[in-house]
Amino acid sequence: MENSDKNALLFKSLAALSRKSAFNEISISALCIRAGVSRMYFYRHFDTFDDIITQRINDDFLYFLRLIDHHNINNPEAIIKTFFQVLEPDLPELSTFLKSDRADLIQTIFQNDLNELSKVEALPFPKIQNPYWKVFTSGGLTRILVTWFGKDKPESANEMGKLVSEIVTNPF
């Protein structure tokens, strides 16, 4: 089993355990048993449970970048739709982590990653010269993501792609 598969199992297992117990009540042993990975694997790759969440979100961002590059996606709506499609499988876990007192962590990770994406122009930001525009937009996108994760019945990735592309590409 590859590291990415093990990391995904840890991510999903951590979410499942946090539905039943507070983060500080979950043991590394219980997490590793549920995920089917060794404690040694955990300690080699992570220092904290938050590192598991961070790794998964960062992996999602890298996968998104590979997709848009590999498929040469450059239409704003298609870029944003692809972004939401990459995140959609993790919606249940991200929703659980928001409810498990990890909202600040999730917002910080997304804010940082979206800021990085805007620097390499992977997101379809309008060509506005104001230096604060990208920061403002990535902060807004972060809030949209957190709201989407927290909904009981979230819109589909396709619906979100259309909604958010309208916001991003038509700022005024």
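Given the structure is predicted, the values throughout are model-derived calculations rather than measurements.

Caption draft 1: Structural context of the environment of E88. As for its placement among the helices and strands, E88 is situated in the loop between α5 (76-87) and α6 (91-99). Residues contacting E88, with those up to four places away along its chain left out, are W148, E155, S156 and A157. Polar contacts involving the side chain of E88 include one to the main-chain amide nitrogen of A157, which spans 3.2 Å.

Caption draft 2: Local environment of the UniProt feature "domain: HTH tetR-type" (unreviewed entry) in the protein. Listed under "domain: HTH tetR-type" (unreviewed entry) in the UniProt record, and renumbered for this structure, are residues 4-64. Spanning residues 4-64, this segment combines 79% helix with 0% strand, and its end C-alpha atoms are found 15 Å apart.

Caption draft 3: Focus on the UniProt feature "DNA-binding region" (unreviewed entry) in the protein. Following the UniProt record, one finds the feature "DNA-binding region" (unreviewed entry) at residues 27-46. Helix makes up 75% of residues 27-46 and strand 0%, with an end-to-end C-alpha separation of 14 Å.

Caption draft 4: Layout of the pattern of salt bridges. Inspection of the entire model under this criterion finds seven salt bridges. A salt bridge links K12 to E93, with the nearest nitrogen and oxygen atoms 3.3 Å apart. In this pair, K12 is assigned in helix α1 (residues 3-20) and E93 in helix α6, connecting sequence segments 81 residues apart. Exposure remark for K12: the relative accessible area of 35% places this residue in the partly exposed category. The class for E93 is buried, based on a relative accessible area of 9%. A salt bridge links E77 to K81, with the nearest nitrogen and oxygen atoms 4.0 Å apart. Taken as a pair, E77 and K81 lie in helix α5 at a separation of four residues, close to a single helical turn. Here the residues in one salt-bridge network are K12, R56, D60, D90 and E93, joined through shared partners.

Caption draft 5: Unusual backbone geometry, seen in detail. Positive phi outside glycine occurs at N72, with the angle close to 50°. With respect to the helices, strands and loops of the structure, N72 is situated in the loop between α4 (49-70) and α5. Positioned with a positive phi, D101 is a non-glycine residue whose angle comes to about 65°. Looking at the element boundaries, D101 is found in the loop between α6 and α7 (103-119). According to the relative accessible area criterion, D101 is exposed, its value standing at 69%.

Caption draft 6: Spatial organisation of the packing of aromatic side chains. Going through the model one piece at a time under the given rule, you end up with 13 aromatic pairs. Ring centres 6.0 Å apart and planes at 40° place the aromatic pair F42 and F46 in the tilted group. A single burial state applies to F42 and to F46, both of which are buried. A ring pair is formed by W148 and F149, whose centres lie 5.9 Å apart and whose planes are at 40°; its orientation type is tilted. In terms of burial, W148 and F149 fall into one category: buried.

Caption draft 7: Examining α5 more closely. The first and last C-alpha atoms of α5 sit 17 Å apart over twelve residues, in line with the 16 Å expected at 1.5 Å per residue. Among the residues of α5, those classed as buried are I79, I80, T82, F83, F84, V86 and L87. One side-chain oxygen at the N-terminal end of α5 lies 2.8 Å from the backbone nitrogen of E77; it belongs to N75.

Caption draft 8: Structural context of the packing of helix α8 (residues 133-150) against helix α9 (residues 157-169). Between α8 and α9, the least distance of the axes is 12 Å, while the angle of their chain directions is 155°. Considering their axes alone, α8 and α9 lie roughly antiparallel with respect to each other. Considering only the axes of α8 and α9, their crossing is right-handed. Contacts from T137, L141, I144 and W148 of α8 reach α9 at A157, M160, V164, I167 and V168. Each residue belonging to the contact of α8 with α9 can be placed in one class, and the counts come to eight nonpolar, one polar and no charged.

Cut-off values and rules
Along each chain, residue indices are assigned from 1 in the same order as the chain's sequence is written. Restriction of local features to residues with pLDDT of at least 70 applies here, the model being predicted, together with a cutoff of 80 or more for giving and counting side-chain atom pairs; totals for whole chains, interfaces and linings are based on all residues. Values reported for side chains reflect all heavy atoms of the structure, with hydrogen atoms and water molecules removed beforehand. Secondary structure elements are defined from DSSP: runs of H or I of at least 4 residues count as helices, runs of E of at least 2 residues count as strands, and each element is numbered from the N terminus. Here a residue-residue contact requires only that any non-hydrogen atoms of the pair lie within 4.5 Å. Two N or O atoms form a polar contact when they lie within 3.5 Å of each other; inside protein one atom must be a possible hydrogen donor and the other a possible acceptor, and for residues adjacent in sequence the pair counts only when both atoms belong to side chains. UniProt positions are given in the numbering used here, feature names are shortened, and annotations may be inferred rather than shown by experiment. Here a salt bridge means any side-chain nitrogen of Lys or Arg lying within 4 Å of a carboxyl oxygen belonging to Asp or Glu. Accessible area is worked out with a 1.4 Å probe on protein chains only. A residue is then buried under 20% of its type maximum, exposed over 50%, and partly exposed in between. For Phe, Tyr and Trp, where Trp contributes only its six-membered ring, two rings pair if their centres lie within 6.5 Å, and the inter-plane angle classes them as stacked under 30 degrees, edge-to-face over 60, or tilted in between. For a helix, the expected span equals 1.5 Å multiplied by the number of residues minus one. Working convention: axes come from line fits to C-alpha atoms, limited for helices to the stretch in contact. Angles between N-to-C directions cover 0 to 180 degrees. What sets the label is the angle itself: under 35 degrees gives roughly parallel, over 145 gives roughly antiparallel, 65 to 115 gives roughly perpendicular, and the rest give oblique. If you view the pair so one helix is near and one far, a crossing is left-handed when the near helix is turned anticlockwise from the far one by less than a right angle, and right-handed when it is turned clockwise. In this count, Pro and Cys sit with the nonpolar residues alongside Ala, Val, Leu, Ile, Met, Phe, Trp and Tyr, while Asp, Glu, Lys and Arg are called charged and the others, Gly among them, polar.

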